[in-house]
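# Tertiary structure, described
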Amino acid sequence: MLDKLKTGLRQAIKKIVNSTVIDKELIKELSKDVQRSLLLADVNVKLVLKITTDLEKRAINEIPPPGLSRKDNIVKIVFEELKKLLGTDNKFSILSNKTNVIMIIGIEGSGKTTITSKLAKLLHDKEYKVGIIGADTYRPGALSQLKTICNKINVSIYGEEQNKNSEQVVTNGLEVFRRSNFDVILIDTAGRHKHEHDLFDEMIKINEIAKPDLVLLVIDGTIGQQCFSQAKAFHNAIKVGGIIITKLDSTAKGGGTIAASAATGATVMYIGTGERIDDIEEFSATHFVGRLLGMGDVKAILDLAKRLESETNDVRMKRISSGKMNMDDFYYQLNEVTKVGSIKNFLDNLPGFSGTIKDEQLDQMESRIEKWRYIIQSMTKEEKINPELINSSRIKRISKGSGFSEHEIKELLKNYKNSKHVMKASKGRQMKNALRRIGL
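Residues numbered from 1 in each chain as written. Predicted model: local features only at pLDDT ≥ 70, side-chain atom pairs only at ≥ 80, totals over all residues. Heavy atoms only, no water.

### Thoughts on a nonpolar patch on the surface
On the surface, a nonpolar cluster with roughly 250 Å² of combined accessible area is contributed by Leu 39, Val 45 and Leu 49. Within the element layout of this structure, Leu 39 appears in helix α2 (residues 24-40). (Patch = residues over 30% accessible without salt bridge, like charges linked within 9 Å, V, L, I, M, F, W, Y side chains within 5 Å. Areas by Shrake-Rupley, 256 points an atom, 1.4 Å probe, with all protein chains shown as cover. Salt bridge = Lys/Arg side-chain N within 4 Å of Asp/Glu carboxyl O. Helix = DSSP H or I, 4+ residues; strand = E, 2+ residues; numbered from the N terminus.)

Laid out in structure tokens, this is it:
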């Protein structure tokens, strides 16, 4: 994500960390390096000049608090100024005692329909009952696209193929989902441009009908600071409560998009980081800047640790830690790791681990985990509970059922046994120890 910006900022920080003497010249050099990195990421020139001027003044004049070295304080200043640039953290939360209505709006071609289904999957995984209203009555195939994805992720959808009156579709959809006590209703509206006054009027009418708890504006991450005028136009028409930025997996303009979005006064709430249905994450300026600077997104790792040791899985964790882990438990662990996202994201989140493993190796690891999950799904209930039952004839049957070779089944069994021994030796606390080793 934003690789050029990440590399530039980390190199700037490294100069400070590796230096023996901190003087004005070094601080000015740091300021120029940060300035260059932000400009290359298409951040607005005025914003860049303001942040680097403030950074320079603070780094030269600010006295570090007791117990903090000058080097560490300068790194802290860079962190705080970048965070200020990228806006406030998401403060919206789903209320449990009502049906929460979220309206999705955006420019045509911004990836709005895809991001709606990704958001639905994210909320569904958090065990909310989610329904989508397909109110894009202009784009051919919009409803069909939503239906196809929703069937795969087990999310309900309401749409009327022949009805071109989007306001009526929204009214009918809200009635259906509210009657069935859904937790969250997402309304996918038609894409529109700031100069399309008729479509803007329609959007305002849908907003009046739905009375949404939150309006989310979808912005294409590749347009950079150009998004400011678009976001402002939408924000002036109806109150935009949050922004979702798509296509942040490779674009250098993503930094400009986030900064420009934050400048509108609306919070960046979610970011799309890739093509897969799971490639969406809640945006936090704190964690995002931490990852850019190589400090790691601590929250993602702590969330994983918490899930692995939650009370609801107490029986499972006792079984794992006593060395009695079965194949079902191993499958559970594989699923928990993938909840953090890709393994690349997982390692990027660990301070000091980012970039330590080559992309080809990461791809192999992800492919292997995906493969193992399919193989385990092809096992019988008895085999999952007691993998010792798996002999050569059972391996042949599992191979046919999963579509993978016998060698790959044996490789899984070998890794399962290794994992079992490691968990027993560490008494199930390897995640805690790993966190402790990296100073958390």
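### Description of empty space enclosed by the protein
A complete count under the given rule lists two cavities of 30 Å³ or more for this structure. Around the largest cavity sit Leu 5, Leu 38, Val 43, Leu 82, Leu 85, Leu 86, Gly 255, Ile 258, Phe 288 and Leu 292, which together line it. Only α4 (70-85), α10 (254-263) and α11 (285-292) provide two or more residues apiece to the lining of the largest cavity. (1 Å grid on protein atoms, 1.4 Å probe; cavity = no way out; pocket = protein on both sides within 12 Å on 5 of 7 lines; lining within 4 Å. Points joined across faces, edges and corners; volume = space filled by probe spheres on them.)

### Re the sheet that holds strand β6 (residues 242-246)
Within the open sheet, the eight strands sit side by side as β3-β2-β4-β1-β5-β6-β7-β8. Their pairing is mixed. Single-partner strands in this sheet number two, and they are β3 (156-158) and β8 (280-282). Sheet twist, expressed as the average angle between the axes of neighbouring strands with direction ignored, equals 25 degrees. Of the pairings in the sheet, the one linking strand β2 (residues 130-135) to β3 comprises three bridges and is parallel in character. Bridge pairing in β3 places Ile 133 opposite Tyr 158. (Pairing = 2+ DSSP bridges. Axes fitted to C-alpha atoms, helices over the stretch in contact; angles between N-to-C directions.)

### A closer look at the pairing of strand β7 (residues 267-272)
With respect to burial, β7 is a largely interior element, six of its six residues being buried. Across four bridges, β6 lies against β7 in parallel orientation. Of the residues in β7, the one forming a bridge with Ile 243 is Val 268. Judged from the three bridges that link them, β7 and β8 form a sheet pairing that is antiparallel. (Buried < 20%, exposed > 50% of the residue type's maximum accessible area, 1.4 Å probe, protein only.)

### Here we look at the packing of aromatic side chains
With the rule as written, the count across this model stands at four aromatic pairs. Aromatic side chains Phe 200 and Phe 234 sit 4.9 Å apart centroid to centroid with 45 degrees between the ring planes, which places their arrangement in the tilted category. Of this pair, Phe 200 sits in helix α8 (residues 197-210) while Phe 234 is found in helix α9 (residues 227-237), placing the two residues 34 residues apart along the sequence. Of the two residues, Phe 200 and Phe 234, both sit in the buried class. In textbook terms, an aromatic cluster arises when at least three aromatic residues are bridged by ring pairs, as seen for Phe 330, Trp 372 and Tyr 416. Across the ring face of Phe 182, the terminal group of Lys 129 is positioned such that the distance to the ring centre comes to 4.6 Å. (Phe/Tyr/Trp six-rings, centres within 6.5 Å; stacked < 30°, edge-to-face > 60°. Lys NZ or Arg CZ within 6 Å of the ring centre and 35° of its normal.)

### Quick word on the pattern of salt bridges
Overall, the coordinates contain 24 salt bridges when judged by the stated rule. Lys 50 is the partner of Asp 54 in a salt bridge, and the nearest nitrogen-oxygen pair spans 2.9 Å. Remark: Lys 50 and Asp 54 occur in helix α3 (residues 45-61); sequence separation between them is four residues, near one turn of the helix. One salt bridge connects Glu 370 with Arg 373, and the closest N-O pair in it is separated by 3.2 Å. Here Glu 370 pairs with Arg 373, and both are found in helix α16 (residues 359-377), just three residues apart, close to one helical turn. Since its relative accessible area comes to 34%, Glu 370 is described here as partly exposed.

### Considering the side chain of Glu 81
You can see Glu 81 is positioned in helix α4. Residues contacting Glu 81, with those up to four places away along its chain left out, are Ile 51, Asp 54, Leu 55 and Arg 58. (Contact = heavy atoms within 4.5 Å.)

### Let's talk about the packing of α3 against α4
Contact geometry for α3 and α4: axes closest at 10 Å, N-to-C directions at 155 degrees. By the criterion of interaxial angle, the relationship of α3 to α4 is roughly antiparallel. As α3 packs across α4, the resulting crossing turns out to be right-handed. Two secondary-structure elements touch here, α3 through Leu 47, Ile 51, Asp 54, Leu 55, Arg 58, Ala 59 and Ile 60 and α4 through Arg 70, Ile 74, Lys 76, Ile 77, Val 78, Glu 80, Glu 81, Leu 82 and Leu 85. (Parallel < 35°, antiparallel > 145°, perpendicular 65-115°, else oblique. Left-handed = near helix turned anticlockwise from the far one by under 90°.)

Geometric descriptors of this kind do not, in isolation, establish any biological role.
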